Amino acid sequence: MAGPLLQVKNLRTNFFTDDGVVNAVRDVSFDLHPGETLGIVGESGCGKSVTALSIMGLIQQPGRVVGGQILFRGEDLLKLPEEEMREIRGRDIAMIFQDPLSSLNPVLKVGYQIEEAMDAHQKFKQRDAQSRTVSLMEQVRIPAARERVSDYPHQFSGGMRQRVMIAMGLSNEPEMLIADEPTTALDVTVQAQIIELLRDLNRELSTSIVLITHNLGVVAGICKRVIVMYAGQIVEEGPVEQIFESPQHPYTWSLLRSLPRIDANRKDRLRSIEGLPPDLIHPPSGCAFTPRCPFRLEECFTKEPPLEHVAAGQRTACWVTMKRAYEEMGAEGIIDTRPGAASRVRPPADEAPLPIASEETVG
Amino acid sequence: MAETQWSAESAPPAVLSPVPGTLVRVVDAVKHFPAGVRTTVKAVDGVSFEIREGETLGLVGESGCGKSTLGRLVCQLLPVTSGQIFFEGEDLTRLRGEKLRQKRRQVQIIFQDPYASLDPRMTVGDIIAEPLVNFGVVRGKAKDKRVQELLRVVGLNPYFNNRYPHEFSGGQRQRIGIARALALNPKLIICDEPISALDVSIQAQIINLLEDLQKEFHLTYLFIAHDLSVVRHISDRVMVMYLGKAVEIADSEAIYTTPRHPYTKALLSAIPVPDPRIESKRRLIELSGEIPSPVNPPSGCHFHTRCPIAVVPGVCSEVDPPLEEKGPDHVAACHFSEKVATEV
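Residues numbered from 1 in each chain as written. Chains lettered and ligands numbered in written order. Predicted model: local features only at pLDDT ≥ 70, side-chain atom pairs only at ≥ 80, totals over all residues.

**Q** Explain the overall build of chain A to me, please; I cannot follow it from the model alone.
**A** Broken down by element type, chain A carries 12 helices and 12 strands. In terms of overall dimensions, chain A is globule-like: its C-alpha atoms have a radius of gyration of 22 Å, near the 21 Å expected for 363 residues. The C-alpha extent of chain A, read off along each of the three principal axes, is 70 × 50 × 45 Å. Within chain A, buried positions represent 50% of all 363 residues. Considering only contacts within chain A whose residues lie at least 6 apart along the sequence, 65% involve residues at least 24 apart. (Helix = DSSP H or I, 4+ residues; strand = E, 2+ residues; numbered from the N terminus. Rg over C-alpha atoms; globule rule 2.2 N^0.38 Å. Buried ≥ 20, exposed ≤ 12 C-beta atoms within 10 Å, placed from the backbone. Contact = placed C-beta atoms within 7 Å.)

Laid out in structure tokens, this is it:
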């Protein structure tokens, strides 16, 4: 196999706000291989979008990438001057966003906007660009593409607008497409169609796709490999089947058990994750998930766990790991989801009890 | 359900003798919104159903299907264009002023956006106490005590009553909204997408809380959401809406295992399951075209333009199918519901 297309090494991105420095991305490293579909999942504020924007060189004030390397085909994007970065953006790495309406210009015809994306990089001659526009729109399965080229964004539905964005993203045949919550604003039936489209495009064009989402179902449907982020760090990474089948980080494990599933016994109580994600102005010492973790140990409060291999292709940052939680802490049967419940390690004396997760609401 | 179909001429009386076990009975509710000159948006277009005491009725459908409007009709936050809403046998649409206000104590609502639904300039204590003050239930020390009790019930620190909404996270704010809804000991709570705006790890907290409260206070829920997996988890029965109409109502197991309307089946096929092995086998029933405009819904069955088994031109494009019994406690509005299992 050829080397990775993208290598992110020890990425750190901070936001310098009036309240203090927000450590949004804290030492994130991962690889993306040619043709791969990689999912990055996590809750709002976990740093998944900031990671993507850092790769694109689109971090806005007051944010700044403060450390690490982003190697694209071996070249560090963080060292490139802005003009060269602008060439790469859109031509080699494209990005689509959650809200297609605010990403499209309302006063320009969609066909023109797709052409414009090609004109910007002059990879295709202008005459070719025109004819390519229609075939791109057909490729993303916009019905009656030839007529719809001259429609305006408001004449398209949400799902169709997202298809226009995807067509625009693919217009320069990029090697890599970053899709940031591409289906979050859409209805389930439309979401399912966009997922199918992305999956097919990945197969047909072998474009690498980084899919950023909070929806584990979407990841399961499209990605081969997944990264789970929490509080600005990667807590777990591995092949999708492996992560869903045998998650080793208590956060991944809890997240998968907190979702109501359409194919599950509906009488089962959901396992909620008590508490809230930490404040990234003052990231906790030790493992960031410790305050909410049912399986924590004393050392979890003070020592930060490294991301280590736990199985083929699977890396987990946890001192305990679910293997041990099952063997020694009775993870199988825990109903009590309070922090520290399984390991009987309560909060240190000086740590205030969590405001939520009071006795009354815990089953 | 069949007995709830009244024609326009024989409108039912203002008071129905309450059917034991039925808390709400909605009869042919219609809500049209004026939109421009001589056009109306038919948001809710003739919906009849009942909500049974102590149950959770889930209400699902895609954006624009009228589910939120229907929720607002049930609590009379919006007046109906026509139709009746019986609450404990009394027609809310005919009540006015103080009488309606007193009835509405029993019906509360929780909104989707925990940021927009709390007044940023009021303390949490005042927000929760507002219904108590409005109805003159308690005052002074007793009021403070009740507020603290409500905070504790929803899993918040009772001494947070002097804080402001911005000091709380989304999930905590949703708890505040729930505390406010509980303040007057209502019988029915309309939950309008209560978890859609929350993060995944917080959603389960709120779902579990709602389930616990239901048990503790014998609440009845109308749970509106677009996420069928959440709705199925929390609901005893589920009602599916499409373009202003109820297309199927059934027990939440039955709706999943034996859907009798092609739209329900398509909707179910689109739900992503967080399991890659199941996902790789998923067969998506792709609906052709897009949801038609509720200004000008299709003739006959509203779904016929996208239906994989519709007979067009024919009965589907000409006759609006009524909600009919298709099994025990299972109604669907489809001319060819027997084909759904095999041909969709």
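**Q** Would you take a moment to explain the overall build of chain B for this structure?
**A** Helix and strand counts for chain B come out as 12 helices and 12 strands. Computed over its C-alpha atoms, the radius of gyration of chain B comes to 21 Å, within 12% of the 20 Å expected for a compact globule of 344 residues. If you line up chain B on its principal axes, its C-alpha atoms span 70 × 55 × 45 Å. By the burial criterion, 49% of the 344 residues in chain B qualify as buried. A separation of at least 24 residues holds for 64% of the contacts in chain B among residues at least 6 apart in sequence.

**Q** Can you help me understand the sheet that holds strand S3 (residues 56–60) of chain B in this one?
**A** All names here are of chain B. Spatially, S6-S7-S8-S3-S9-S10-S12-S11 is the arrangement adopted by the eight strands of the open sheet, whose pairing is mixed. The sheet is open, and its two borders are formed by strand S6 (107–110) and strand S11 (324–327), each paired with just one other strand. Sheet twist, expressed as the average angle between the axes of neighbouring strands with direction ignored, equals 25 degrees. In the sheet, strand S7 (residues 188–192) pairs with strand S8 (residues 220–224) via five bridges, with the strands oriented parallel. Looking at S8, one finds that Cys 191 is bridged to Phe 223. (Pairing = 2+ DSSP bridges. Axes fitted to C-alpha atoms, helices over the stretch in contact; angles between N-to-C directions.)

**Q** Explain the sheet that holds strand S1 (residues 22–34) of chain B here, please?
**A** Two orientations exist for strands paired in a sheet by backbone hydrogen bonds: parallel and antiparallel. Residue and element names in this part refer to chain B. Taken in spatial order, the four strands make up an open sheet running S2-S1-S4-S5, and their pairing is antiparallel. Taken across any chain shown, the strands that pair with only one partner, and hence form the sheet edges, are strand S2 (40–52) and strand S5 (90–91). As paired strands, S1 and strand S4 (residues 82–87) are joined by five bridges and run antiparallel to one another. Within S4, the residue paired with Val 27 across the bridge is Gln 84. Against the sheet, helix H1 (residues 67–74) contacts S1, S2 and S4, and its axis sits at roughly 120 degrees relative to S1.

**Q** Mind showing me how you'd approach the packing of helix H3 (residues 124–134) of chain B against helix H5 (residues 170–182) of chain B here?
**A** Each pair of packed helices can be summarised by the angle the axes make with each other and by the distance between the axes. All names here are of chain B. Orientation of H3 relative to H5, taken along the N-to-C sense of each, is 30 degrees, at an axis distance of 7 Å. By the criterion of interaxial angle, the relationship of H3 to H5 is roughly parallel. H3 and H5 meet at a crossing whose hand is right-handed. Residues Val 124, Ile 127, Ile 128 and Pro 131 of H3 touch H5, and the partners they reach there are Ile 176, Ala 179 and Arg 180. (Parallel < 35°, antiparallel > 145°, perpendicular 65-115°, else oblique. Left-handed = near helix turned anticlockwise from the far one by under 90°.)

**Q** Before we go on, may I ask you to explain the interface of chain B and chain A in this structure?
**A** Interfaces are often sized by the amount of accessible area the parts lose when they come together. Facing 43 residues of chain B, the contacting portion of chain A comprises 43 residues. Elements with a contribution of two residues or more to the side of chain B that touches chain A: helix H4 (140–153), helix H6 (200–217), helix H7 (228–234), helix H8 (252–257), helix H9 (262–269) and helix H10 (276–281) of chain B. Examining the composition of the side of chain B that touches chain A, we find that eight residues originate from one element, H6 of chain B, more than from any other. For the side of chain B that touches chain A, the residue count by class is 21 nonpolar, 12 polar and 10 charged. (Nonpolar A, V, L, I, M, F, W, Y, C, P; charged D, E, K, R; others polar.)

**Q** Is there a simple way to think about H6 of chain B in this case?
**A** Three- or four-residue spacings in an α-helix give side chains the same orientation, since the helix completes a turn every 3.6 residues. The end-to-end C-alpha distance of H6 of chain B, which contains 18 residues, comes to 26 Å, matching closely the 26 Å that a straight helix rising 1.5 Å per residue would cover. Where H6 of chain B is concerned, the buried positions are Val 200, Ser 201, Ile 202, Gln 203, Ala 204, Gln 205, Ile 206, Ile 207, Asn 208, Leu 209, Leu 210 and Leu 213 of chain B. Looking at the packing, one finds that the buried side of H6 of chain B touches helix H11 (250–257) of chain A together with H5, S7 and H7 of chain B. Phi turns positive one or two residues past the end of H6 of chain B, at His 218 of chain B, with a value near 50 degrees. (Expected span 1.5 Å × (residues − 1).)

**Q** Would you take a moment to explain the nonpolar core for this structure?
**A** Nonpolar side chains in soluble globular proteins tend to end up buried together. In this structure, Val 219 of chain A together with Ala 179, Leu 222 and Phe 223 of chain B are the most contacted members of the largest nonpolar core, which totals 197 residues. The element contributing the most residues to this core is H6 of chain B, with eight residues. For Val 219 of chain A, the contacting residues outside a window of four places in its chain are Gly 39, Val 41, Leu 211, Thr 213, Val 226 and Val 240 of chain A. (Core = buried A, V, L, I, M, F, W, Y, C linked by C-beta atoms within 7 Å.)

**Q** Where do I start with unusual backbone geometry in this structure?
**A** Note on backbone geometry: most residues besides glycine have negative phi, and most peptide bonds are trans. With an omega of 0 degrees, the peptide bond between Gln 61 of chain A and Pro 62 of chain A qualifies as cis. Within the secondary structure, Pro 62 of chain A sits in the loop between helix H1 (48–56) and strand S4 (63–72). Located in the positive-phi region is Asn 185 of chain B, a residue other than glycine, with phi close to 50 degrees. Within the fold, Asn 185 of chain B resides in the loop between H5 and S7. Under the C-beta neighbour-count criterion, Asn 185 of chain B is labelled exposed, with 12 such atoms within 10 Å.

**Q** Could you clarify how one ought to interpret the environment of Val 320 of chain A in this entry?
**A** Residues and elements named next belong to chain A. Position of Val 320 relative to the elements: it lies in the loop between strand S12 (314–316) and helix H12 (321–328). Judged by C-beta crowding, with 25 C-beta atoms within 10 Å, Val 320 ranks as buried. Counting along the chain gives 230 residues from Val 320 to Gly 90, while the straight-line C-alpha distance between them is 42 Å. Beyond its immediate chain neighbours, meaning those up to four positions away, Val 320 contacts Pro 250, Phe 295, Leu 297 and Ala 325.

**Q** I would appreciate a short explanation of the environment of Glu 324 of chain B in the present structure.
**A** All names here are of chain B. The topology assignment puts Glu 324 in strand S11. Classification of Glu 324 as partly exposed rests on a count of 15 C-beta atoms within 10 Å. Residues Glu 324 and Asp 28, spaced 296 residues apart in sequence, show a C-alpha to C-alpha distance of 14 Å. When sequence neighbours within four positions are dropped, the list of residues in contact with Glu 324 reads Val 331 and Ala 332.

**Q** In this structure, what is going on with the packing of H3 of chain B against H4 of chain B? I would like to understand it.
**A** Residue and element names in this part refer to chain B. Interaxial distance between H3 and H4 falls to 10 Å at its minimum, and their mutual angle equals 115 degrees. Classified by the angle their axes make, H3 and H4 are roughly perpendicular. In terms of crossing hand, the pair formed by H3 and H4 is right-handed. Of the residues in H4, those touching H3 at Gly 125, Ile 128, Ala 129 and Leu 132 are Lys 143, Arg 146, Val 147 and Leu 150.

Any functional reading would require information beyond the geometric quantities listed.
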